[in-house]
Amino acid sequence: MQPPHTPPTSADDLLARCQAIAGLSLGELASLANVAIPANLQRHKGWPGMLIEKWLGATAGSKPQQDFPELGIELKTIPIDAAFRPLETTYVCYAPLAGQTGVTWETSNVRNKLQQVLWLPLEGDRQIPLADRRVASGFLWSPDAAEDLELRQDWEELTEMIALGKVEAITARQGNALHIRPKAASGKVLTDALNEDGERIQTRPRGFYLRKSFTEAILARMFG
DNA sequence: GCGTGATCATTC
DNA sequence: GAATGATCACGC
């Protein structure tokens, strides 16, 4: 077995690729793909995600769109414990901080990214050696009306604060499903934002993340 | 620096 | 122990 050389042609094709790797360990997938296995993830935090992208035929690169644009599907690997509960929050996308005007929930990056997600849970317990961690069954998810509403309310609240120049007042404690946290290579990285007087300021870049409680409910519906 | 892939590690 | 705030690697 080898990683595919072409993108999946349909959602069914993509799901079939998931089925083909379900139950295999990251070590097995890495050696079959001739990818080196890091000792741990401390300096390779995105490694599992990159490996799975390769196995599903996602086009490599850092485009700000979905992983499978022709299918309208975003891929998210998610580390889980033995009870299929998420061990980490899920990064969605950058939070625009400088003069985003006229953007609504319907046209937001967050909604676009979450319109249709292929969740691929993997064992993430730090006690399990990285190479031994197995991949679970991937599944497609789209937010239902209640989830969409929950996400929209959080997004609108946070986006309004940014628009009012209150970026610095935003805390990760805000938001039921979606929240904002720093997202950068280090605390030295700065980007443009606006203060309450509409003046340009420099602040740490932020990103939107899904809370564990939100993704836990999604996983529970599938595996619970 | 932006945006991708995220997890780490300090604080609560 | 969990959540928040901070950080690591890579391509361009």
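These notes cover the structure that comes with them. Keep in mind the model is a prediction, meaning the values are calculated, not measured.

The rules behind each value
Per chain, residue numbering runs from 1 following the sequence as it is written. Chains and ligands are labelled sequentially in the order written, the chains with letters from A and the ligands with numbers from 1. Local features in this predicted model are restricted to residues of pLDDT 70 or higher, and side-chain atom pairs are both shown and tallied only at a pLDDT of 80 or more, whereas totals for entire chains, interfaces and linings draw on every residue. As a rule here, side-chain values cover all heavy atoms of the structure and leave hydrogens and water aside. For the purposes of this entry, the term helix denotes a DSSP run of H or I that reaches at least four residues, the term strand denotes a run of E that reaches at least two, and both are numbered from the N terminus. The span one expects for a helix is its residue count, reduced by one, times 1.5 Å. Each residue's exposure class comes from its accessible area (1.4 Å probe, protein chains only) as a fraction of the maximum for that residue type: buried when under 20%, exposed when over 50%, partly exposed otherwise. By definition, the arc is the one covered by directions from the helix axis to the C-beta atoms. Should DSSP find at least two bridges between two strands, the strands are regarded as paired. Here the axes come from fitting lines to C-alpha atoms, over the contacting stretch only for helices, and the angles between their N-to-C directions go from 0 to 180 degrees. Only heavy atoms matter for contacts: two residues are in contact if any of them lie within 4.5 Å across the pair. A pair of Phe, Tyr and Trp rings is counted when the ring centres sit within 6.5 Å of each other, with Trp represented by its six-membered ring. The angle between the planes then sorts it: under 30 degrees is stacked, over 60 is edge-to-face, the rest tilted.

**Focus on helix H6 (residues 212–223)**
- End to end, H6 covers 16 Å across 12 residues, agreeing with the expected 16 Å (1.5 Å per residue, within 8%).
- Every buried residue belonging to H6 is among Phe214, Thr215, Ile218 and Leu219, and all of these are buried. Projected down its long axis, H6 carries its buried residues within an arc of 130°, all on one side.

**Concerning the sheet that holds strand E2 (residues 90–94)**
- Ordered by their spatial adjacency, 3 strands build an open sheet running E2-E8-E5, and the pairing between neighbours is antiparallel. On the outer flanks of this sheet lie E2 and strand E5 (178–182), each paired with one strand and no other. In this sheet, adjacent strand axes meet at a mean angle of 40° when their direction is disregarded.
- As defined by bridge partners, E5 adjoins strand E8 (residues 206–210) across 5 bridges and the pair is classed as antiparallel. The residue bridging Ile180 from the neighbouring strand is Phe208, located in E8.
- Relative to E5, helix H5 (residues 145–163) is tilted by about 40°, and along the sheet it contacts E5 and E8.

**Some details on unusual backbone geometry**
- A positive phi angle is found at Asn34, which is not glycine, with a value near 60°.
- Mapped onto the elements of the fold, Asn34 is located in the loop between helix H2 (26–32) and helix H3 (47–56).
- Judged by its relative accessible area of 73%, Asn34 is exposed.

**Some points on the environment of Leu41**
- Counting through the fold element by element, Leu41 comes out in the loop between H2 and H3.
- By relative accessible area, Leu41 is classed as partly exposed at 23%.
- Each C-alpha atom, one on Leu41 and one on Arg126, is 9.5 Å from the other, the two residues being 85 residues apart in sequence.
- When neighbours within four sequence positions are excluded, Leu41 is seen to be in contact with Trp47, Pro48, Leu130 and Arg133.

**Some details on the packing of aromatic side chains**
- One pass over the full model with this rule turns up 6 aromatic pairs.
- Here Phe139 and Phe223 contribute two aromatic rings whose centre-to-centre distance is 5.6 Å and whose plane-to-plane angle is 80°, an arrangement assigned as edge-to-face. Residue Phe139 is found in strand E4 (residues 139–141), and its partner Phe223 is found in helix H6; the two are separated by 84 residues along the sequence.
- Accessibility expressed as a relative area gives 6% for Phe139, which makes it buried.
- By relative accessible area, which is 29% here, Phe223 ends up partly exposed.
- Seen from their ring centres, Trp141 and Phe214 are 6.2 Å apart, and the 85° between their planes marks the pair as edge-to-face. Taken together, the residues span a long stretch of sequence, with Trp141 in strand E4 and Phe214 in helix H6 at a distance of 73 residues. A single burial state applies to Trp141 and to Phe214, both of which are buried.

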